[in-house]
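Examination of the molecular architecture
Spelled out from the first residue to the last, the chains are:
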Amino acid sequence: MRRRVLLVTLAVAVLAACSPAASDVDGEVFATGPMAPAAAKQPDAVPVVVDTDLAPDDLAALALLLRHPRVRVVAVTVPQTGELDCRGTGLLGDFFHALETAPPLVACGTTPRGEDGVMFPPEWGAGALMNSGLPRDGTAGELTPVRTPAAELIARLARRHTDLQVVALAPLTEVAAVLREHPAAYARLDGVTTMAGTVDSESHADGVAEWNAGADPVPFAEVLAGPVPVTVLPDDPVPSGAPDGLAGPVVGGLGRVPGFESPKYWDLATAGTFVDESAATTESGTWTVDTSDDRGRLRRTGDGQVRVVTALDTAALDEVYRSVFR
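Okay, so let's go over this structure. For every chain, the first residue of the written sequence is number 1, and numbering continues from 1 along that sequence. Residue-level local features of this predicted model are given only where pLDDT is at least 70; pairs of side-chain atoms are given and counted only at 80 or more, and the full residue set underlies all totals for whole chains, interfaces and linings. To obtain the side-chain values, all non-hydrogen atoms of the structure were included, while hydrogens and water were left out.

Overview of the overall build of the chain
- The helix and strand tally for the chain stands at 11 helices and eight strands.
- A total of 326 residues make up the chain; the buried ones form 57% of that total.
- Counted over contacts in the chain with a minimum sequence separation of 6, partners at least 24 positions apart contribute 83%.
- To measure how exposed things are, a 1.4 Å probe is used in the Shrake-Rupley method; for residues, cover is taken only from the protein chains shown. In the form shown here, the chain has an accessible surface area of approximately 13000 Å², with 53% of it arising from carbon and sulfur atoms. Numbering of helices and strands starts at the N terminus; helices are DSSP runs of H or I of at least 4 residues and strands are runs of E of at least 2. Only protein chains enter the accessibility calculation, which uses a 1.4 Å probe; a residue is then buried when its area is under 20% of its type maximum, exposed when over 50%, and partly exposed in between. By definition in these notes, contact holds between two residues if any of their heavy atoms fall within 4.5 Å.

Quick notes on the environment of Leu 172
- The topology assignment puts Leu 172 in the loop between strand S4 (165-168) and helix H6 (173-181).
- Overall, the relative accessible area of 2% leaves Leu 172 in the buried class.
- Distance from Leu 172 to Met 195, taken between C-alpha atoms, is 9.5 Å for residues 23 residues apart in sequence.
- Among all residues touching Leu 172, those that are not within four sequence positions of it are Thr 194, Pro 219, Phe 220 and Val 223.

Focus on the packing of helix H2 (residues 56-67) against helix H10 (residues 266-275)
- Orientation is described by axes fitted as lines to C-alpha atoms, over the contacting stretch for helices, and by angles from 0 to 180 degrees between their N-to-C directions. Running from N to C, H2 and H10 point in directions that differ by 20°, and their axes come no closer than 6 Å. Comparing their axes, H10 and H2 come out roughly parallel. Crossing handedness for the pair H2 and H10: right-handed. Across from Asp 57, Asp 58, Ala 60, Ala 61, Leu 64 and Leu 65 in H2, the residues of H10 making contact are Trp 266, Asp 267, Leu 268, Ala 271, Gly 272, Phe 274 and Val 275.
- Classes in brief: Ala, Val, Leu, Ile, Met, Phe, Trp, Tyr, Cys and Pro nonpolar; Asp, Glu, Lys and Arg charged; the others, Gly included, polar. Its residues assigned to classes, the contact of H2 with H10 shows nine nonpolar, one polar and three charged. Our angle categories are set so that under 35 degrees counts as roughly parallel, over 145 as roughly antiparallel, 65 to 115 as roughly perpendicular, and the remainder as oblique. Helix crossings are classified by the rotation of the near helix relative to the far one: an anticlockwise turn of less than a right angle makes the crossing left-handed, while a clockwise turn makes it right-handed.

As for the pairing of strand S1 (residues 46-51)
- A large share of S1 lies buried, amounting to five of its six residues.
- When DSSP finds at least two bridges between two strands, those strands are taken to pair. Two strands pair when backbone bridges link them, and S1 and strand S2 (residues 71-78) are joined in this way by six bridges, in the parallel orientation. Each bridged residue has a counterpart across the sheet, and for Asp 51 the counterpart in S2 is Thr 77.
- What joins S1 to S2 is H2, and the crossover it makes is right-handed. The definition of a right-handed crossover adopted here requires that, viewed with the strands pointing away, the path from the first strand over the helix to the second runs clockwise.

Here's the deal with the side chain of Asp 94
- Summarising the element assignment, Asp 94 is placed in helix H3 (residues 92-99).
- In contact with Asp 94, other than residues within four places in its own chain, are Leu 134, Pro 135, Arg 136, Asp 137, Gly 138 and Ala 140.

Side note on the pattern of salt bridges
- For salt bridges, the criterion is a side-chain nitrogen of Lys or Arg within 4 Å of an Asp or Glu carboxyl oxygen. Following the criterion strictly, the structure yields 11 salt bridges and no others.
- Put simply, Arg 156 and Glu 152 hold a salt bridge, and the shortest N to O gap is 3.0 Å. Residue Arg 156 and its partner Glu 152 are both found in helix H5 (residues 150-160); the two are separated by four residues, about one turn of the helix.
- Among the residues examined, Glu 152 registers a relative accessible area of 21% and is labelled partly exposed.
- The salt bridge partner of Arg 299 is Asp 290, with a shortest N-O separation of 4.0 Å.
- For Asp 290, a relative accessible area of 15% gives the class buried.
- Ionic contacts of the salt-bridge type, sharing partners, join the residues Glu 283, Arg 300 and Asp 303 into one network.

Structural notes on the nonpolar core
- Here the nonpolar core consists of buried residues drawn from Ala, Val, Leu, Ile, Met, Phe, Trp, Tyr and Cys, with membership extended through side-chain atoms lying within 4.5 Å. Membership of the largest hydrophobic core comes to 52 residues, with the highest contact counts inside it found for Leu 65, Leu 92, Phe 95 and Phe 325.
- Elements with a minimum of two residues in this core: S1, H2, S2, H3, H10, strand S8 (298-312) and helix H11 (314-325).
- It is H2 that provides the largest number of residues to this core, a total of eight residues.
- With residues up to four places along the chain from it excluded, the contact list for Leu 92 reads Leu 54, Leu 59, Leu 62, Val 106 and Leu 143.

Digging into the side chain of Thr 198
- Mapped onto the secondary structure, Thr 198 falls in the loop between strand S5 (191-195) and helix H8 (211-214).
- Residues within four places of Thr 198 in sequence aside, it is in contact with Ala 209, Glu 210, Pro 234, Asp 235, Asp 236, Gly 296, Arg 297 and Leu 298.

What about the state of the cysteines?
- Any two cysteine sulfur atoms lying within 2.5 Å of each other are counted as a disulfide. Inspection of the entire model under this criterion finds one disulfide.
- Across the disulfide, Cys 86 is cross-linked to Cys 108 (sulfur-sulfur distance 1.8 Å). With the S-S bond torsion at -110°, the cross-link from Cys 86 to Cys 108 turns out left-handed. With Cys 86 in the loop between S2 and H3 and Cys 108 in strand S3 (residues 105-108), this pair connects stretches of sequence that are 22 residues apart.

Listed below in structure tokens is the structure:
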């Protein structure tokens, strides 16, 4: 399941988004003010490109990776096939300002959706853009993406870094474009971790089993069959509701605007398992993905190197979130 957002009238949601921040009984979830300074980056922090469509749970995941001491985010790329395309970069000026973090390179995707893909419902993108839960006071200014297309930027960074990882929180359109257009650079990647697909979860209408995969399923299949190790977090093990560890200024309100609340935090869980692999139980094998009738449905067909997460230790993930968002 991918962001089945509960919609009410736009007027009510906009008013809710503009109202004073609420809080839980501990005063933490929707706390205002700056976040505590992030821990210093470790000398061996892993260089990471975050490929994202900038929905609220994506922003929570991006915040986790930006602040984690063992991760160095070197770029953010935004495909045009996700819930938000590069219109969503209008959020990033406020996002980095609120985190008090210098922005990395940001690049937009130029690769179109394949003919087998299904466009995200437009109202989901509108809700994510206008009602993300991100504090926005209009003082940060716009963030301008670089002119280099997303796939080209990933390829350049793969040539520069011997241990570059991609954390893909959106349709794999641009990641697969690197594989097709820059195969030698793609082969240099140390790994791809992605939130996409489902094994047993109920499918959606329009032949979509899961939306990140259903929006552009052929690229997902190409990445699964490619030469780089892949870890997949499908919909199945992600718990419903906001995690307890997602609390504090900036991040506490992400995806929690009345009327546009995120039913799951798929991408935050993906970032959490990236930094703490022990929080995930995985099954390795060769996995195929349905690209036509039940887009995004994963099936294991034999032995192989692709790891699919089958269970999550939510308590361990909450500790990861608390340690970073304190």
